[in-house]
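Here is what each chain is made of, one letter per residue.
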Amino acid sequence: MNFSGSVRSKLPGVGTTIFTVMSALAREHDAINLSQGFPDFNPDERLQAAVDKAIRSKNNQYAPMAGLPLLRERIAAKVDTIYKATVDPDTEITITAGGTQALFTAIAALISENDEVILFSPAYDSYAPAVTLAGGKAMHYTMDAPDFAINWQQVKKLITQRTRMIVINTPHNPSATVLTEKDMKELEKLTKGTDIIILSDEVYEHITFDDKPHQSVLRYPRLAERSVVVGSFGKTYHATGWKIGYAIAPRELMAEFRKVHQFNVFSVNTPMQYAYAEILQRPDLYEGLSSFYQEKRDFFRTAMKGSKFELLDTQGTYFQLASYKSITDEKDTEVVKWLTKEFKVAAIPVSVFYHKNLDQKIIRFCFAKENETLEKAAEQLSKIK
Ligand code: PMP
Ligand code: GLN
């Protein structure tokens, strides 16, 4: 079919996401897919059984707009236990279709024409287009490899009268670093006495390593009172395809969030919400996640020892960054295609997360995979001389 009119794109610089492109290329070349971030194993049997039970108990119609009350209550109880944060499940939590929808809805609801939004680059790919669609302007702070540290004095220079939001992400995709208590205190200082809203993407909250605590904004009352926190059950329960997440925010912000939420999704998948409400009574499932993934991280790093890749530190998430400087100085976007076609392992080029496509010769591997998948991939990658 051909549209005969002229198309005025709202996102002229945007193509198809790198995750879609690389997963398709992996399929095409029958390569091991360590590109897009998702596990190659199933959610816990008890979670699957809970979905089954919810479906068979006739819980298949629209859920309440803000999400199943029981699930919201259990999320509130959980953040009270682990972050010592008091959140009202009626007015301060909304269940969303994954973290992506929560991020998009928060930006659509809270950003207006000409508002400025500070993003830390490399940034998860959905933030900047959402800001653009809301009529806002993304202001980028660049974090450099290998430590991706933030100099808060430099961040301060980006703040103007128009700054409406700062988006943070810890544990961070793609750098696999985590923010520290010191970072949070700096952020507190920076935003004190301002109207700036913090959008805190914490979808990897349960995946931190070497006993590093996750620094949720919910631990810091002065940050929590100006924040929208985004969570995702997909990461925590090995169910990225179920697309259930949530947003937590003070009631005034949540009221605006829900005005948008009710018209772009209205409500999300009912049986899955029942299942998550049930599984949240088993804290052992998320408490064990860091050590589960730390073993995978270490397994993959050991298996990669024989390769020419230089591995960066991984403090959290299920991603491992690797520098290929000693192999080639080709662009990372070309290198990932070459690896997929010639060595049958797909990865993500890190430059695509930078607003200016900064190429530091680093690619990202996802280690949320069975050990034999990781072993096979490392074996293939070790063939590169
Ligand atoms: N934020 C980050 C940093 C992510 O890596 C992802 C997805 N991998 C999301 C948000 C989106 O989460 P969801 O899949 O629940 O939409
Ligand atoms: N967040 C996942 C990643 O970073 C992918 C999500 C997606 O495909 N949109 O790989």
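Residues numbered from 1 in each chain as written. Chains lettered and ligands numbered in written order. Predicted model: local features only at pLDDT ≥ 70, side-chain atom pairs only at ≥ 80, totals over all residues. Heavy atoms only, no water.

Caption draft 1: Molecular detail of unusual backbone geometry. With an omega of 5°, the peptide bond running from A145 to P146 counts as cis. By the secondary structure assignment, P146 is in the loop between β4 (137-142) and α6 (152-158). Cis geometry marks the peptide bond from T170 to P171; its omega dihedral reads -20°. Mapped onto the elements of the fold, P171 is located in the loop between β5 (163-169) and α7 (181-191). A positive phi angle, near 65°, is found at D211, a position not held by glycine. Within the secondary structure, D211 is located in the loop between β6 (197-201) and α8 (221-224). The exposure class assigned to D211 is exposed, which follows from its relative accessible area of 78%. (Helix = DSSP H or I, 4+ residues; strand = E, 2+ residues; numbered from the N terminus. Buried < 20%, exposed > 50% of the residue type's maximum accessible area, 1.4 Å probe, protein only.)

Caption draft 2: The arrangement of the pairing of strand β13 (residues 362-366) in detail. Buried residues dominate β13, accounting for five of its five residues. Both faces of β13 are covered, namely the face carrying I362, R364 and C366 and the face carrying I363 and F365. Two elements, strand β10 (residues 319-323) and β13, share five bridges in a ladder whose sense is antiparallel. Across the sheet, the residue bridging to A322 is I363, located in β13. Where strand β12 (residues 348-349) meets β13, two bridges bridge the pair, whose relative direction is antiparallel. Across the sheet, the residue bridging to P349 is I363, located in β13. (Pairing = 2+ DSSP bridges.)

Caption draft 3: Structural detail: empty space enclosed by the protein. In the structure shown here, the tally under the stated rule is two cavities of 30 Å³ or more. The space that makes up the largest cavity amounts to roughly 40 Å³. Looking at the largest cavity, the residues that line it are V79, Y83, E202, E205, S216, L218, V229, G231, Y246 and I248. Only α3 (69-83), β7 (227-232) and β8 (245-248) provide two or more residues apiece to the lining of the largest cavity. When the residues that make up the lining of the largest cavity are grouped by side-chain class, the tally is six nonpolar, two polar and two charged. (1 Å grid on protein atoms, 1.4 Å probe; cavity = no way out; pocket = protein on both sides within 12 Å on 5 of 7 lines; lining within 4 Å. Points joined across faces, edges and corners; volume = space filled by probe spheres on them. Nonpolar A, V, L, I, M, F, W, Y, C, P; charged D, E, K, R; others polar.)

Caption draft 4: A look at the site of ligand 1. Near ligand 1 lie 13 residues; those nearest to it are T100, D201, Y204, S232 and K235. A distance of 2.6 Å is found between an oxygen atom of ligand 1 and a side-chain nitrogen or oxygen belonging to T100. The separation between an oxygen atom of ligand 1 and a polar side-chain atom of K243 is 2.7 Å. About the coverage of ligand 1: the protein hides 93% of its 390 Å² of free accessible area. Ranked by the residues each element gives to the shell around ligand 1, the list is headed by helix α4 (residues 98-110), at four residues. Partitioning the shell around ligand 1 into residue classes produces four nonpolar, six polar and three charged. (Near = heavy atom within 4 Å. Polar contact = N/O pair within 3.5 Å; in protein donor to acceptor, adjacent residues only side chain to side chain. Areas by Shrake-Rupley, 256 points an atom, 1.4 Å probe, with all protein chains shown as cover.)

Caption draft 5: Molecular detail of the nonpolar core. Membership of the largest hydrophobic core comes to 68 residues, with the highest contact counts inside it found for M165, L199, V228, Y293, F309, Y318 and F365. Ranked by residue count, the leading element in this core is α4, at six residues. Residue contacts for Y293: discarding those within four places in its chain leaves P39, F41, I207, F209, H238, Y318, F367 and A368. Ranked by size, the runner-up nonpolar core spans 56 residues in total, among them I93, A239, V268 and L321. (Core = buried A, V, L, I, M, F, W, Y, C linked by side-chain atoms within 4.5 Å. Contact = heavy atoms within 4.5 Å.)

Caption draft 6: Layout of the environment of A77. For A77, the location among the structural elements is in helix α3. Residue class for A77 comes out partly exposed when judged on its relative accessible area of 44%. For the pair A77 and L280, spaced 203 residues apart in the sequence, the C-alpha separation amounts to 9.5 Å.

Caption draft 7: Focus on the environment of V203. Counting through the fold element by element, V203 comes out in the loop between β6 and α8. According to the relative accessible area criterion, V203 is buried, its value standing at 8%. Note: C-alpha distance between V203 and E225 (22 residues apart in sequence) is 19 Å. In contact with V203, other than residues within four places in its own chain, are G99, V230, G231, S232 and K235.

Caption draft 8: Representation of the layout of surface pockets within the structure. Its boundaries defined by the atoms lining it, the largest pocket holds a volume of some 830 Å³. With six residues, the top contributor of residues to the lining of the largest pocket is helix α5 (residues 127-133). Classifying every residue of the lining of the largest pocket by side-chain character gives 17 nonpolar, eleven polar and one charged. Looking at the second largest pocket, its volume works out to about 490 Å³. Taken together, 27 residues form the lining of the second largest pocket, with G37, T100, Y124, K235 and K243 sitting closest to its centre. Put simply, the parts of the chain that give the lining of the second largest pocket at least two residues each are α1 (18-28), α4 and α9 (233-236). By residue number, the principal contributor to the lining of the second largest pocket is α4, which donates four residues. Here the lining of the second largest pocket is composed, by residue class, of nine nonpolar, 13 polar and five charged.

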